[in-house]
Amino acid sequence: MTAVQPKTEATTITVRNPADGSVVGAVPIEMPADVAAKARELRLFQPEWEALGPRGRKHWLLTYQDWVLDNAEHITDVLQSETGKPRSEASIEAPLTATLLDYWARHAEQFLADEHPRSFSPFAVTKKLTTVYRPYPVVGVITPWNYPFVMPALDLVAALAAGAAVLLKPSEVTPLSAVEFVRGWTEIGAPPVLALATGYGDTGVAVIDNADFVQFTGSTATGRKVAVACAERLIPCSLELGGKDPALVLADADLDRAANGIAWGGMGNSGQICISVERVYVEAPVYDEFLAKLTANVRQLRQGQDDRKFAFDIGSLANMAQRDKVKGHVDEAIAAGARAITGGKPTGTGAFFEPTVLVDVNQSMTCMTEETFGPTIPVVKVADEAEAIRLANDSKYGLSATVWTRDRERGERIARRLNVGAVNVNDVLSNIFAFDLPMGGWKESGVGTRLGGAAGIRKYCRPQAITSPRIPTQAKEILWYPASRRRTKLALSLARASAARGVRRLGIKPR
Ligand code: NDP
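Overview of the packing of aromatic side chains
And then number 1: As enumerated under the stated definition, the model contains 12 aromatic pairs in all.
And then number 2: On the numbers, 5.4 Å between centres and 70° between planes, the contact of F213 with Y460 is edge-to-face. Taken together, the positions of F213 in strand β7 (residues 213-217) and Y460 in the loop between α17 (454-458) and β23 (461-469) put the pair 247 residues apart, joining distant regions of the chain. The exposure classification of F213 matches that of Y460, with both residues buried.
And then number 3: Of the aromatic side chains, those joined through ring pairs into one cluster are W49, Y64, W67, F149, F181 and W185.
And then number 4: When the ring centre of Y147 is taken as origin, the NZ or CZ atom of K85, which lies over that ring, is 3.7 Å away.

Spelled out as structure tokens, the structure:
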């Protein structure tokens, strides 16, 4: 239903609203030569952008923040038209983007400041040491379709704040929001260090071919290809991939809160959030009560094609292919003995799938092992906390998890036993709103992290080490030519001095 142009001789991608199939726009399919030309142009302007420094760049990032806030309604219209989201969900992307701009604009100077560590090594004790954070010239940012406006912002704002130029490749399914993103940057008159490359996967390949660092968000399967392509070019990449996030509902949980939170965490954005709740483990004593509450919540959700009226809670999926994938997971589970106690099938004429709660599922079903990325919540009864933890960790993914208990300390203790990049206790999705924390997947859910204070901007930099003398210099250093025994002796005595300092710290008398 969406982006249905044949991938052969077409020169444009037609973009459709997945809720009704209507055409909402078109973008060019950019060829490798076009992408290379854009990257070359970015390289021309990037040194000037870097030279502006964090303060100069802050001006442009905050001016752009104003543009995003002033154009929030229009941005929401565009992203809603190409995703089929209800208004309430579409409306979050512009404000979140504005807050990200604020965060990086205001913190970049502090996070990128030169560092002057004191030398631990006696071999460099006479030097002034400096670490400088210098940006990669061109960062390629490749994004999926689930949050077409804020997802690019999650990564490219930090890259711009670092002083890099950015080449953005949005999903073929939802390129129009990215067009708006870049249009805004141009409209405020900012330096031309943000460019767009629209097209299919081949365009993504071309972005990798022309970038110095690649930030990829998408499926694990494509992420693997991106990693290989970056390895071939010997450039670094950071990968934010899929998940199969578990929720652990313990017997002492506030069941109303758990059932509300898990309904939202599983159904929000029609389940198309990388950190959606994708499977639920409930301790036996509260299983029936929790299930009844969850099901009641899910049954109340209003699904349909929204306009600006905020009339629906759930919209369509992003395209028919995604709807069919969700259907496949549910059908397979039901054929193997699972039951849909609410929902369970496609609905309407667009890419809609009913909000679904599945029971009698087991750990080997695809709906429990592979990312579904749809409005489905499979629920499993477990004997106790230990079984919940064991099953939660029994996954190739490791993006995030939630733990529901009235005992906060217990929740945090369980968090430390879960093999995932983030755990929210008594809440869902909250880590993504906490920009100070790193967000990244473990295992097949990713490599590297985004956000998270200084690390989130320094990842777009090549740290440069500078040494210079901090004491008066002579014509020669003792380690220089000519070769001599004296040099070896000096090295040993420096190492001994260092070791002696180390043992003294431990309170052991040096030999
Ligand atoms: P895909 O992996 O299919 O696509 C992601 C992006 O990669 C798209 O822009 C796509 O272009 C592009 N692409 C495709 N092939 C290549 C290639 N060979 N080289 C470079 N780029 C390529 O993901 P989806 O768009 O289907 O998004 C859904 C996935 O994203 C889910 O798995 C979800 O979990 C994950 N995701 C992860 C998040 C996280 O933070 N961990 C956040 C949000 C989503 P095109 O669309 O034109 O094919």
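Some remarks on the environment of W60
And then number 1: Mapped onto the elements of the fold, W60 is located in helix α2 (residues 53-70).
And then number 2: As a C-alpha pair, W60 and A190 span 130 residues in sequence and 6.1 Å in three-dimensional space.
And then number 3: Once residues within four sequence positions are removed from consideration, W60 is found in contact with W49, L52, W185, I188, G189, A190 and P191.

Examining the site of the ligand
And then number 1: For the ligand, the set of nearby residues contains 31 residues, the closest of which are T143, E172, S219, L241 and E371.
And then number 2: Interatomic distance of 2.9 Å between a side-chain N/O atom of K169 and an oxygen atom of the ligand.
And then number 3: In this structure, an oxygen atom belonging to the ligand sits 3.2 Å away from a side-chain N or O atom of S171.
And then number 4: For the shell around the ligand, the elements supplying multiple residues, two or more each, are α8 (201-210), β7 and α9 (220-233).
And then number 5: The element contributing the most residues to the shell around the ligand is α8, with 4 residues.
And then number 6: Grouping the constituent residues of the shell around the ligand by class yields 15 nonpolar, 11 polar and 5 charged.

Points about the nonpolar core
And then number 1: In terms of nonpolar packing, the biggest core is built from 109 residues, with W185 and F290 touching the most fellow members.
And then number 2: Setting aside chain neighbours within four positions, we find W185 in contact with W49, W60, L61, Y64, L160, A190, P191, V193 and L194.
And then number 3: The next biggest cluster of nonpolar side chains, apart from the first, holds 27 residues, and it includes L358, C367, A388 and I389.

A few points about the pattern of salt bridges
And then number 1: Under the defined criterion, the tally for this structure stands at 31 salt bridges.
And then number 2: Residue E50 pairs with R134 through a salt bridge whose shortest N-O separation is 2.7 Å. Separated by 84 residues along the polypeptide, E50 in helix α1 (residues 32-51) and R134 in strand β3 (residues 127-135) bring together distant segments of the chain.
And then number 3: For D252, the salt bridge goes to R410, with nearest N and O atoms at 3.3 Å. Of the two residues, D252 sits in the loop between β9 (245-249) and α10 (255-267) while R410 sits in helix α15 (residues 408-415), which places them 158 residues apart along the sequence.
And then number 4: What makes D252 partly exposed here is its relative accessible area of 26%.
And then number 5: One salt-bridge network, in which partners are shared between bridges, spans D252, E283, E385, R410 and R413.

Details of the sheet that holds strand β17 (residues 400-404)
And then number 1: Ordered by their spatial adjacency, 7 strands build an open sheet running β11-β14-β15-β10-β9-β17-β18, and the pairing between neighbours is mixed. Two strands in the sheet have a free side with no partner beyond their single neighbour: β11 (339-342) and β18 (422-425). For this sheet the average axis-to-axis angle between neighbouring strands, irrespective of direction, equals 25°.
And then number 2: As judged from the 3 bridges shared by strand β14 (residues 356-359) and strand β15 (residues 376-382), these two strands associate in the parallel manner. Across the sheet, V357 pairs through a bridge with I377, a residue of β15.
And then number 3: Across the sheet, α10 lies against β9, β10 (277-283), β14, β15 and β17, angled at about 140° from β15, the strand it touches most.

Quick word on the packing of α2 against helix α7 (residues 176-187)
And then number 1: Closest axis-to-axis distance for the α2/α7 pair is 10 Å, and the angle between their directions is 120°. The angle between α2 and α7 falls in the class oblique. α2 and α7 meet at a crossing whose hand is right-handed. Only E180, F181, R183, G184, W185 and E187 of α7 make contact with α2, whose side of the interface consists of W60, L61, Y64 and W67.
And then number 2: By residue class, the composition of the contact of α2 with α7 is 6 nonpolar, 1 polar and 3 charged.

Quick notes on helix α3 (residues 72-83)
And then number 1: Under the 1.5 Å per step criterion, the end-to-end length of α3 is 16 Å for 12 residues, consistent within 8% with the ideal 16 Å.
And then number 2: When we look at burial in α3, the residues that qualify are I75, T76, V78, L79, Q80, S81, E82 and T83.
And then number 3: Buried-residue contacts for α3 involve β1 (12-16), β2 (23-28), α2, α4 (87-90), α5 (93-112) and α7.
And then number 4: Phi for G84, located one or two positions after α3, is positive at around 75°.

Digging into the side chain of S445
And then number 1: Its location among the elements puts S445 in the loop between β20 (442-443) and β21 (446-447).
And then number 2: In this structure the side chain of S445 is engaged in a polar contact, spanning 2.9 Å, whose partner is the backbone nitrogen of G398.
And then number 3: Not counting chain neighbours up to four residues away, the residues in contact with S445 comprise L239, E240, L241, G242, G243, Y397, G398 and L399.

What to know about the sheet that holds strand β4 (residues 138-142)
And then number 1: Spatially, β6-β5-β4-β7-β8-β21 is the arrangement adopted by the 6 strands of the open sheet, whose pairing is mixed. At either end of the open sheet lies a strand with only one pairing partner, and these are β6 (194-196) and β21.
And then number 2: One ladder, built from 2 bridges, connects strand β8 (residues 237-240) with β21; its direction is antiparallel. Its bridge partner lying in β21, E240 is registered against G446.

Points about the confidence of the model for the chain
In regions of low pLDDT, the predicted coordinates are not meant to be interpreted in detail.
And then number 1: Confidence in the prediction for the chain averages 95 pLDDT; 96% of positions are at 70 or higher.
And then number 2: Of the regions scoring below 50 in pLDDT, residues 1-6 engages in 26 contacts with residues more than four places distant in sequence or in other chains.

Brief notes about the side chain of R279
And then number 1: Here R279 shows up in strand β10.
And then number 2: Buried charge without a partner: R279 forms no salt bridge, and the closest opposite charge is D394, 6.5 Å away.
And then number 3: In contact with R279, other than residues within four places in its own chain, are K244, D245, P246, A247, Q363, M368, P378, L391, A392, D394 and S395.

Thresholds applied
Residues numbered from 1 in each chain as written. Predicted model: local features only at pLDDT ≥ 70, side-chain atom pairs only at ≥ 80, totals over all residues. Heavy atoms only, no water. Phe/Tyr/Trp six-rings, centres within 6.5 Å; stacked < 30°, edge-to-face > 60°. Helix = DSSP H or I, 4+ residues; strand = E, 2+ residues; numbered from the N terminus. Buried < 20%, exposed > 50% of the residue type's maximum accessible area, 1.4 Å probe, protein only. Lys NZ or Arg CZ within 6 Å of the ring centre and 35° of its normal. Contact = heavy atoms within 4.5 Å. Near = heavy atom within 4 Å. Polar contact = N/O pair within 3.5 Å; in protein donor to acceptor, adjacent residues only side chain to side chain. Nonpolar A, V, L, I, M, F, W, Y, C, P; charged D, E, K, R; others polar. Core = buried A, V, L, I, M, F, W, Y, C linked by side-chain atoms within 4.5 Å. Salt bridge = Lys/Arg side-chain N within 4 Å of Asp/Glu carboxyl O. Pairing = 2+ DSSP bridges. Axes fitted to C-alpha atoms, helices over the stretch in contact; angles between N-to-C directions. Parallel < 35°, antiparallel > 145°, perpendicular 65-115°, else oblique. Left-handed = near helix turned anticlockwise from the far one by under 90°. Expected span 1.5 Å × (residues − 1). pLDDT = per-residue confidence, 0-100. Lys, Arg positive; Asp, Glu negative; His and termini not counted.

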